[in-house]
Amino acid sequence: MTIYNFSAGPAVLPKEVLQQAQAELPDWHGSGMSVMEMSHRGKEYMGIHAQAIADLRDLMGIPENYKVLFLQGGAHLQFSMIPLNLLRGKASADYVNTGEWSKKAMNEAKKFGKVNEAASNADKNFTYVPAFDSWNCDPNAAYLHYTTNETIGGVEFGWVPDTGVVPLVADMSSNILSRPYDVSKFGLIYAGAQKNIGPAGLAVVIVRDDLIGQAAANTPTMLDYKIHADADSMYNTPPTYGIYMAGLVFQWLKKNGGVAAMEQANIKKADLLYTAIDASNGFYHCPVNKADRSRMNVPFTLKDANLDGEFLKQADARGLLQLKGHRSVGGMRASIYNAMPLAGVQALVDFMGEFARQRG
Ligand code: PMP
């Protein structure tokens, strides 16, 4: 039976990448060592590290005046590092509140400075992207933070806000590398790796040079972007194996047409699933405003929540795994990141159709 894993993260990785990692596990390229066993200062690992950065730069078209940092602490630690490093003595920062993750980022920032909620979609239970002309931005804000894709709510921005001189900061944890972004529009981009990049334990930060080196006094050493930028993310021992795996995923992406090709495939997969939900005569329902529906995380409910358990049981038996929705919203959630093949979404849609006929 073919297994399809719809987990929101840690999530499915490309089969070819797992097979390559398996082949290279005990002896990397004739070095006689596993990547896990290498000194991070040795020439083998240094090469892996540099190649991963170069490939990410290439894939995302990252301009010269940005640093790529490989850090730890997940996206959560960025919720703290961003205000610590980017407030730069300014009075406040703008946050756009579109759901669970932006709320968490905002609440953490409140520990370090004043937060202005520039926009929110709480009025409709976090189911849409607030139109830019309704935002209440502060022209003196230290930065504006938003979440490009809300992993739990399934709300994704199809556009990038223009904040002028105010640096734009984006949590791209769940949609990085799934669609092209013009990095030059951002001051800082960050993402936990465990969805579209690789295993958990690594966070990627892409930060413009002029925003580095102005951390608040008493910022812990490990939380200062400058420390990591100056040391090329090797101030401390980096999560070497996670970086190696991320590097394999970057190479897989390049071999498969890069981010533009991923976007086309992701549009196709998402269309297939949303069309099935919308055509189910209400048996399945996605609460998100059509234009703002995520291509990565598709939340949906069943008309009768009493059927949830049976739906999950039957899905599991067919090899369609980890479809249970986030505990805060219930229902189902299918995460269909880059590494989910179209065949996986087709298998899910086929099952959903059968289940609806059986129980509808
Ligand atoms: N932001 C978003 C959009 C996420 O989806 C997640 C994880 N699901 C996080 C932040 C937190 O990531 P981590 O667990 O790596 O701290």
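Residues numbered from 1 in each chain as written. Predicted model: local features only at pLDDT ≥ 70, side-chain atom pairs only at ≥ 80, totals over all residues. Heavy atoms only, no water.

Draft legend 1. The arrangement of the overall build of the protein in detail. Secondary structure assignment for the protein yields nine helices and 14 strands. Computed over its C-alpha atoms, the radius of gyration of the protein comes to 21 Å, within 12% of the 21 Å expected for a compact globule of 360 residues. With respect to the principal axes defined by its C-alpha atoms, the protein has extents near 60 × 55 × 30 Å. Relative to its full complement of 360 residues, the protein shows a buried share of 55%. Long-range pairs, those at least 24 residues apart, make up 67% of the contacts in the protein with a sequence separation of at least 6. Summed over its atoms, the accessible surface of the protein is roughly 15,200 Å², and 52% of this surface lies on carbon and sulfur atoms. Taking the 33 positively charged and 35 negatively charged side chains of the protein as two groups, their mean positions are separated by 3 Å. (Helix = DSSP H or I, 4+ residues; strand = E, 2+ residues; numbered from the N terminus. Rg over C-alpha atoms; globule rule 2.2 N^0.38 Å. Buried < 20%, exposed > 50% of the residue type's maximum accessible area, 1.4 Å probe, protein only. Contact = heavy atoms within 4.5 Å. Areas by Shrake-Rupley, 256 points an atom, 1.4 Å probe, with all protein chains shown as cover. Lys, Arg positive; Asp, Glu negative; His and termini not counted. Charge placed at Lys NZ, Arg CZ, Asp CG, Glu CD.)

Draft legend 2. Structural view of the site of the ligand. Taken together, G74, A75, H76, F79, W101, T147, N149, T151, D171, S173, Q194 and K195 are the residues near the ligand. T151 has a polar side-chain atom sitting 2.4 Å from an oxygen atom of the ligand. Within the side chain of D171, an N or O atom sits 2.6 Å from a nitrogen atom of the ligand. When the free accessible area of the ligand is taken as 400 Å², the share hidden by the protein chains comes to 85%. Of the residues forming the shell around the ligand, the biggest block, four residues, is contributed by helix α3 (residues 74-86). Along the lines of polarity and charge, the residues of the shell around the ligand split into three nonpolar, seven polar and two charged. (Near = heavy atom within 4 Å. Polar contact = N/O pair within 3.5 Å; in protein donor to acceptor, adjacent residues only side chain to side chain. Nonpolar A, V, L, I, M, F, W, Y, C, P; charged D, E, K, R; others polar.)

Draft legend 3. How the structure looks around the domain arrangement of the protein. With domains assigned, the protein is organised as domain 1 (15-255) and domain 2 (257-359). Put simply, the middle of domain 1 and the middle of domain 2, counted by C-alpha atoms, are 27 Å apart. Each side of the interface is counted separately: domain 1 has 24 residues, and domain 2 has 24 residues. Taking both sides of the interface into account, the surface hidden between domain 1 and domain 2 amounts to around 2,000 Å²; carbon and sulfur atoms contribute 54%. Connecting domain 1 to domain 2 are zero salt bridges. For the pair domain 1 and domain 2, the interface holds 14 residue pairs in polar contact (both at pLDDT 80 or more). Of all the elements in the fold, those that place two or more residues in the side of domain 1 that touches domain 2 are β7 (155-156) and α6 (240-255). It is α6 that contributes the most residues to the side of domain 1 that touches domain 2, four residues altogether. (Domains from an automatic or database assignment. Buried area = accessible area lost by both parts, 1.4 Å probe. Salt bridge = Lys/Arg side-chain N within 4 Å of Asp/Glu carboxyl O.)

Draft legend 4. Quick peek at the sheet that holds strand β11 (residues 284-285). One open sheet accounts for three strands, arranged β11-β12-β14; its pairing is antiparallel. The outermost strands of the open sheet, each flanked by one partner alone, are β11 and β14 (332-335). Bridge count between strand β12 (residues 297-302) and β14: four bridges; the pairing is antiparallel. Note on β14: the bridge partner recorded for V298 is A334. (Pairing = 2+ DSSP bridges.)

Draft legend 5. Here's a closer look at helix α2 (residues 43-60). The end-to-end C-alpha distance of α2 is 26 Å, a good match for the 26 Å that 18 residues give at a rise of 1.5 Å each. Lining the buried residues of α2 we find β2 (66-71), β9 (188-192), β10 (203-208), α6 and α7 (258-278). After α2 finishes, the residue G61 shows a positive phi value of roughly 60°. (Expected span 1.5 Å × (residues − 1).)

Draft legend 6. A look at the packing of α7 against helix α9 (residues 342-359). It is at 9 Å that the axes of α7 and α9 come closest, and there the two elements cross at 5°. One element, α7, and the other, α9, form an angle in the roughly parallel class. Here α7 contributes K268, K269, L272, L273, A276 and I277 to the contact with α9, which in turn contributes L342, V345, Q346, L348, V349 and M352. (Axes fitted to C-alpha atoms, helices over the stretch in contact; angles between N-to-C directions. Parallel < 35°, antiparallel > 145°, perpendicular 65-115°, else oblique.)

Draft legend 7. How the structure looks around the sheet that holds strand β8 (residues 168-171). Read from one edge of the open sheet, seven strands run β2-β10-β9-β8-β5-β3-β4, paired in mixed fashion. Two strands lie at the open edges of the sheet, namely β2 and β4 (114-120), each paired on one side alone. Recorded for the sheet is a direction-independent mean angle of 20° between the axes of neighbouring strands. With three bridges joining them, β8 and β9 adopt parallel strand pairing.

Draft legend 8. How the structure looks around the pattern of salt bridges. Taken as a whole and assessed by the stated rule, the structure comprises 13 salt bridges. With a shortest N-O distance of 2.8 Å, K254 and D58 are connected by a salt bridge. Here the residue K254 occupies a position in helix α6, and D58 occupies one in helix α2, the gap between them amounting to 196 residues. Take K254: its relative accessible area is 36%, and that puts it in the partly exposed class. Each member of the salt-bridge network shares a partner with another, and the members are D55, D58 and K254.

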